[in-house]
Amino acid sequence: MATRTIEVAVLARVEGEGALTLVLDGEAVVDAQLRLFEPPRLFEAMMRGRACTEAPDVTARICGICPVAYEMSACHAVEDALGVTVGGALRELRRLLYCGEWIESHVLHMVMLHAPDFLGFPDAMTLAKHHPERVRGSLGIKKAGNAIVATLGGREIHPVNIKVGGFYRTPGRAELSALLPGLRAARDEAEDMLDWLATFPFPAFERDYELVSLRHGDEYPMNEGRLVSTKGLDIDVHEFGAHIHEHQVPYSTALHAQIVGRGSYQSGPLARFVQNADRLSPRAMAAAARVGLDPACRNPFRMLLARGVETIYALDEAIRLIEGYTPPALASVPLAIRAGTGQAVTCAPRGILYHRYVIDEAGLVEDAQIAPPTSQNQRGIEEDLLAMGPMLAGLSLEAATRRAEHAIRNYDPCISCSTHFLTLRFEQLARP
Amino acid sequence: MTAVVVGIGQLAAGDDGVGLVVARALAARGFETRESADASVVLALLEAERRVVLVDAVVDGGASGTVIRLVAGDLASGPTPLSSHGLGVAEALELARTLYGTPIAARVEIVGVAIARPTSTAIGLSPAVAAAVEPAAVLAASLAGGR
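Structural notes, computed from the coordinates. Residue positions within a chain follow its written sequence, with the count starting from 1. Chains and ligands are labelled by the order in which they are written, letters from A for the one and numbers from 1 for the other. Local features are withheld for residues below a pLDDT of 70 in this predicted model, meaning they are given only at 70 or higher, and side-chain atom pairs are given and counted only at 80 or more; totals for whole chains, interfaces and linings count all residues.

**Side note on the overall build of chain B**
Runs of E in the DSSP output that reach at least two residues are strands. Runs of H or I that reach at least four are helices, and both are numbered from the N terminus. When you go through chain B residue by residue, the secondary structure sums to 6 helices and 5 strands. Throughout, radius of gyration means the C-alpha value; the globule benchmark is 2.2 Å times the number of residues raised to the power 0.38. Taken over C-alpha atoms, the radius of gyration comes to 14 Å for chain B, in line with the 15 Å a tight globule of 147 residues would show. Principal-axis analysis of the C-alpha atoms gives chain B an extent of 40 × 40 × 25 Å. Neighbour counting defines burial: a residue surrounded by 20 or more other C-beta atoms within 10 Å of its own C-beta is buried, one with 12 or fewer is exposed, and intermediate counts give partly exposed, using backbone-placed C-beta atoms. For chain B, the residues scored as buried account for 48% of the 147 residues in total.

Have a look at this one:
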């Protein structure tokens, strides 16, 4: 039996290191293994014995793209254990901070990392030569997001102003209002960008996913909500462990996750959009309608458009929050340390991020569990590739390899979060 | 207007942090500085019509501690693709030329400090590289417009 093998030394435009092996037998992909060989990060063990109040700063180091997500899940989980609720303007500032991260993370992925796949360019540098105005525009949008994070967080990456209970310092009205012109310009740019993204050729591919996201009573979810799915999951986040099990597979340093009794699921911008489109701002809703993205969508390639709609939403929401901002009396809610277990799910740009901490009476962490979105999405990515056999079989090995990489990047995988380049191994089994 | 001095590097990678150490030395002398683990900050500064003096560690640049003035064409731009990890200096300058044109991209001066390739995490500079901080700062200051 002859075997054809392609080795791609660097699968670029993902965050982290991993490899993929695909084995094709005619039109069937008989094996798909996304092998994330990023060394284990050991953050859960690192948290043991440390003060629970250190969780946001320590876990933020898991990711340079989405540190806010780690800070938010850590804060909410520790606050859950301590019986603390953060409301009012502090809650709104956290939401504003998350808007900043969504904007910068989404636009980086859409234009610099993913758009080259749709347009047949090898990299963002080539894209910049053909579409310099789009790349300039995306950098402008990203700058507006970065400015939010820098203003609220003290710096753009790994913000230092976030603490359990709120912030070390909260901004005055004028500081936030200064962001408005940049955000309004970025919102216009993001509308243009979405219209451009919508002109891309989207491969015809759908799967019957179980889409999992938060859903909140009256807002597009970021920090709070129930965990819901398109197949009937509707649970309080405290029930996460009873419904979602993580397990080790031999070929990956990141745990796989599945819904008990059903299997893999997809989390991320498409899942959020599908289940929360009615919670978008009128402008973001209109943008989704304009580009033909509706909640019936099950095409993972069109997740690009969900990201674009969420970018418009995050800009809109940031503007709304700033326009309505009244500085809080206190920068943080006072904490009383006590023993307990706390859990939280928040919406990282790539999907749901679960944290659980067991805290002793001295406030030290006895046990920590962190389930990042890329880890949760791994099996779903493999199942996409397994289902793509007929699409891949008709392509040259080179084109098939590119398409497989394109499909992986639908999920904007953040490999070092979940456990850095991807080496792609593609095998074609010949029929006997 | 004096240029912004941008130190690039990673303090936890030993001598790779030399760009940051030089930037801090110049900040203490009143220069406007930025510190970054990658070169994307340069794009924002160029877009804002600023001149930039970039200070970074250089491997294969001679004996450790050698201070060199570089031009963009000196930098190897191998097949290091743009990733979410950030931009390398060569990539940032190429992107700047593409997006903003050669005259704007030419507003970047580069000071390199030769180091041996870091092989493990370490805090602090080796004696040879530490001795290069002052000469690198003096060169960067003269390129930035003095003070």
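Alright, that's what it looks like, and here's the rest.
**Concerning the overall build of chain A**
In terms of regular secondary structure, chain A is built from 16 helices and 15 strands. The globule rule puts the C-alpha radius of gyration for 432 residues at 22 Å, and the 21 Å found for chain A is close to it. Taking the principal axes of the C-alpha coordinates as reference, chain A spans close to 75 × 45 × 35 Å. Counting all 432 residues of chain A, 51% fall into the buried class.

**Concerning the nonpolar core**
A set of buried Ala, Val, Leu, Ile, Met, Phe, Trp, Tyr and Cys residues, joined to one another through C-beta atoms within 7 Å, is what we call a nonpolar core. Residues Val309 of chain A together with Val5, Val42 and Ala140 of chain B are the most contacted members of the largest nonpolar core, which totals 151 residues. When residues of this core are assigned to their parent elements, the largest contribution, 14 residues, is made by helix α4 (residues 88–119) of chain A. Residue pairs are scored as contacts if the distance between their C-beta atoms, which are placed from the backbone, is within 7 Å. Look past the residues within four positions of Val42 of chain B in its chain and what remains in contact with it is Val6, Val52, Leu54, Ala92, Ala96 and Val108 of chain B. If you look at the next biggest cluster of nonpolar residues, it comprises 17 residues, including Leu22, Ala32, Ala400 and Ile408 of chain A.

**Considering helix α6 (residues 132–153) of chain A**
Residues and elements named next belong to chain A. For α6, spanning 22 residues, the distance from its first C-alpha to its last is 30 Å, which sits close to the expected 32 Å at 1.5 Å a residue. Among the 22 residues in α6, 16 count as buried, and that is most of the element. A positive phi of about 90 degrees marks Gly154, the residue just after α6. By definition here, a helix of n residues has an expected span of 1.5 Å times n minus one.

**Concerning the sheet that holds strand β12 (residues 340–348) of chain A**
Residues and elements named next belong to chain A. Strand order across the open sheet formed by 3 strands is β12-β13-β14, with antiparallel pairing between neighbours. The sheet is open, and its two edges are formed by β12 and β14 (365–371), each paired on a single side. The sheet shows a mean angle of 10 degrees between the axes of neighbouring strands, taken without regard to direction. As paired strands, strand β13 (residues 351–359) and β14 are joined by 6 bridges and run antiparallel to one another. A pair of strands is considered paired only if DSSP assigns at least 2 bridges between the two. Here the axes come from fitting lines to C-alpha atoms, over the contacting stretch only for helices, and the angles between their N-to-C directions go from 0 to 180 degrees.

**A closer look at the environment of Val29 of chain A**
All names here are of chain A. Examined against the element boundaries, Val29 turns out to sit in strand β3 (residues 28–36). Separated by 363 residues in sequence, Val29 and Leu392 have C-alpha atoms that sit 8.7 Å apart. Look past the residues within four positions of Val29 in its chain and what remains in contact with it is Leu22, Val23, Leu24, Leu385, Leu386, Met388, Gly389 and Leu392.

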